[in-house]
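Breakdown of the fold
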Amino acid sequence: MVEAIVAIVVVLFLLIVFARTVRIVPQARAGVVERLGRYHRTLNPGMTLLVPFVDRLKPLIDLREQVVTFPPQPVITEDNLLVQIDTVLYFTVNDARSSTYEIANPLQAIEQITVTTLRNVVGSLTLEQALTSRDHINAQLRGVLDEATNRWGIRVNRVELKSIDPPPTIQEAMEKQMRAERDKRATILTAEGVKQAQILRAEGEQQAAVLTAEGEKQAAVLRADGEAKAIATVFEAIHAANPDPKLLSYQYLQMLPKLAQGDANKVFVIPSEYSQAISRLGSVFGLDDSGDSAPPETK
């Protein structure tokens, strides 16, 4: 019975020794080993052997990028407005030894540095500048935090401002200002549209009038050219036919009804040329000046 108990104790002891000797570090983790209370080495991912009861493995450290959100912090801007600012921090542990021995509570230390730096940076800006300068604020925060946490074996990758919440009264005033700006832009755009429409309409009417005048001008020129050509053709035809005075007198008489046409013609004046044409026409038909026909010529 005693031997069995001793065997069991020995087996348990060997299991404990084996468990304290063989350690497996997962991927993206790091372990700090202390030997007799002092730092000995840093374990990388994989299996390693320790000296039982001499080496002690501290809790594993996560080497992946971590995200931490800080609660809203009250910050006073340059124009004496109290705003609540939420921040998000992305960091990575680069040195397991420094993060273990150089700082006791790294997250709390990072939060306090973030709050202090945030108040210094935003305190030098107005509310409007703070709302429109997030990239500038993020860059300044990241520079200060990275410099402070470098000796802790922590690298700050990025700092983001989640929100900047001004007081409710300021938010209401900003909303009214934004509505007024939108109404103003809408009114300006409407006026510009009406102005452009009127300008385009006037230009269209001007171009239409110019084109109409050009068309009438071309038509008048063409008509004048046609009439000139017609007169020239008639004149050439008359001269080519070599008409006698009697034929010309007859053509004058045919033009009389055309001269009398029109409602505005109240008085009809016969030029002397037409009187001569009538007398010549009478001589053509054998009438004398008294209206009697001349006796036939006897042979």
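The structure contained in this document is the topic of the report that follows. Going along each chain's sequence as written, the residues are numbered from 1 onward. Thresholds applied to this predicted model are a pLDDT of at least 70 for local features of residues and 80 or more for the giving and counting of side-chain atom pairs; totals over whole chains, interfaces and linings are not thresholded and use all residues. Side-chain metrics rest on all non-hydrogen atoms present in the structure, leaving aside hydrogens and water.

**A word on the overall build of the chain**
Put simply, DSSP marks the helices as runs of H or I at least four residues long and the strands as runs of E at least two long, and each gets a number from the N terminus on. When helices and strands are tallied, the chain shows eight helices and nine strands. Every one of the 299 residues in the chain was classed for burial, and the buried ones make up 22%. By sequence separation, contacts in the chain at least 24 residues apart represent 63% of the contacts at least 6 residues apart. Accessible surface, the chain: about 21200 Å² in total, of which carbon and sulfur atoms supply 58%. Exposure classes here rest on a 1.4 Å probe applied to the protein chains alone. A residue is buried below 20% of its type maximum, exposed above 50%, and partly exposed in between. Any two residues whose heavy atoms approach within 4.5 Å at even a single point are treated as in contact. Reported accessibility uses the Shrake-Rupley method at a 1.4 Å probe radius. Residues are deemed covered only where the shown protein chains occlude them.

**Considerations on the environment of Val159**
Within the fold, Val159 resides in strand S9 (residues 154–165). Residue Val159 is classed as buried on the basis of its relative accessible area, which comes to 3%. The spacing of Val159 and Tyr90 is 69 residues in sequence and 6.4 Å in space, taken between C-alpha atoms. Ignoring any residue separated from it by four or fewer positions in sequence, one finds Val159 in contact with Val88, Leu89, Asn138, Leu141, Arg142 and Leu145.

**A short note on the sheet that holds strand S8 (residues 82–93)**
With respect to topology, three strands assemble into an open sheet ordered S7-S8-S9, the strand pairing being antiparallel. Of all the strands in the sheet, just strand S7 (66–76) and S9 have a single pairing partner and so form its edges. Between one strand axis and the next, the sheet turns through 25° on average, direction left out of account. One bridge is not enough; two strands pair if DSSP finds at least two bridges between them. Sheet topology places S7 next to S8; nine bridges connect them, and they run antiparallel. Paired with Val67 across the strands is Tyr90, a residue of S8. Axis definition: a line fit to C-alpha positions, over the contact stretch in the case of helices; interaxial angles, taken between N-to-C directions, run 0 to 180 degrees. Relative to S7, helix H3 (residues 106–123) is tilted by about 40°, and along the sheet it contacts S7, S8 and S9. Relative to S9, helix H5 (residues 134–149) is tilted by about 145°, and along the sheet it contacts S8 and S9.

**A word on the side chain of Asp86**
As for its placement among the helices and strands, Asp86 is situated in strand S8. The side chain of Asp86 sits in the buried core without any salt bridge; Lys162 is the nearest counter-charge, 5.0 Å away. Residues in contact with Asp86, not counting those within four places in the same chain, are Pro71, Pro72, Glu160, Leu161, Lys162 and Ser163. Charge counting follows a simple rule: Lys and Arg are positive, Asp and Glu are negative, and His as well as the terminal groups are ignored. By convention in these notes, a salt bridge is any Lys or Arg side-chain nitrogen within 4 Å of a carboxyl oxygen on Asp or Glu.

**What to know about the pattern of salt bridges**
Across all of its chains, the model carries six salt bridges by this definition. Arg29 is paired through a salt bridge with Asp62; the nearest N and O atoms lie 3.6 Å apart. Here the residue Arg29 occupies a position in strand S2 (residues 29–35), and Asp62 occupies one in strand S6 (residues 61–62), the gap between them amounting to 33 residues. Of the charged contacts, one joins Lys58 and Glu34 as a salt bridge, the two residues approaching to 3.9 Å between their closest N and O atoms. Highlighted residues: Lys58 in the loop between strand S5 (55–57) and S6 and Glu34 in strand S2, separated in sequence by 24 residues. Three or more residues joined by partner-sharing salt bridges are found here, namely Arg29, Asp62 and Arg64.

**Some details on the environment of Pro52**
Of note, Pro52 is situated in the loop between strand S4 (46–49) and S5. In sequence terms Pro52 and Phe18 are 34 residues apart; their C-alpha atoms lie 8.1 Å from each other. Those residues in contact with Pro52, other than ones at most four positions away along the chain, are Val17, Arg20 and Thr21.

**So, the packing of H3 against H5**
Running from N to C, H3 and H5 cross one another at 140°; their axes reach a closest spacing of 10 Å. On the basis of the axis angle, H3 is oblique to H5. In the crossing of H3 with H5, the sense of the turn from one axis to the other is right-handed. Contacts from Ile110, Ile113, Thr114, Thr117, Leu118, Val121 and Val122 in H3 reach Ile137, Gln140, Leu141, Val144, Leu145, Ala148 and Thr149 in H5. Classifying every residue of the contact of H3 with H5 by side-chain character gives 10 nonpolar, four polar and no charged. When an angle is under 35 degrees it counts as roughly parallel; over 145 it counts as roughly antiparallel; between 65 and 115 it counts as roughly perpendicular; any other value is oblique. Note on convention: the crossing is left-handed when the near helix lies turned anticlockwise from the far helix by less than a right angle, right-handed when the turn is clockwise. Three categories are distinguished: nonpolar for Ala, Val, Leu, Ile, Met, Phe, Trp, Tyr, Cys and Pro, charged for Asp, Glu, Lys and Arg, and polar for the others, with Gly belonging to the last.

**Some thoughts on the layout of surface pockets**
Reported here for the second largest pocket is a volume of approximately 200 Å³. Glu128, Leu131, Thr132, Ala173, Met174, Gln177, Met178 and Glu181 are the residues that line the second largest pocket. Mapped onto the lining of the second largest pocket, the elements with two or more residues apiece are helix H4 (127–132) and helix H6 (168–241). Among the elements that make up the lining of the second largest pocket, the one with the highest residue count is H6 (five residues). A class-by-class count of the residues in the lining of the second largest pocket yields four nonpolar, two polar and two charged. We place a 1 Å grid over just the protein atoms. Points where a 1.4 Å probe fits but has no way out form a cavity, open points with protein on both sides within 12 Å along at least 5 of 7 lines form a pocket, and any residue with an atom within 4 Å of a point lines it. Grid points are joined across faces, edges and corners, and a volume is the space filled by probe spheres set on the points.

**Details of the packing of aromatic side chains**
Stacked, tilted and edge-to-face pairs are distinguished by plane angle, under 30 degrees for stacked and over 60 for edge-to-face with tilted covering the rest, among Phe, Tyr and Trp rings (Trp via its six-membered ring) whose centres lie within 6.5 Å. All told, the structure shown has one aromatic pair when counted by the stated rule. For the pair Tyr39 and Tyr101, a centre-to-centre distance of 6.0 Å together with 80° between the ring planes defines the contact as edge-to-face. One end of the pair, Tyr39, is in strand S3 (residues 38–43); the other, Tyr101, is in helix H2 (residues 96–101), with 62 residues separating them in the sequence. Two limits define a charge over a ring: the Lys NZ or Arg CZ must be within 6 Å of the ring centre, and within 35 degrees of the ring normal. A cation sits over an aromatic face here: Arg158 above Tyr90, 4.7 Å from the ring centre.

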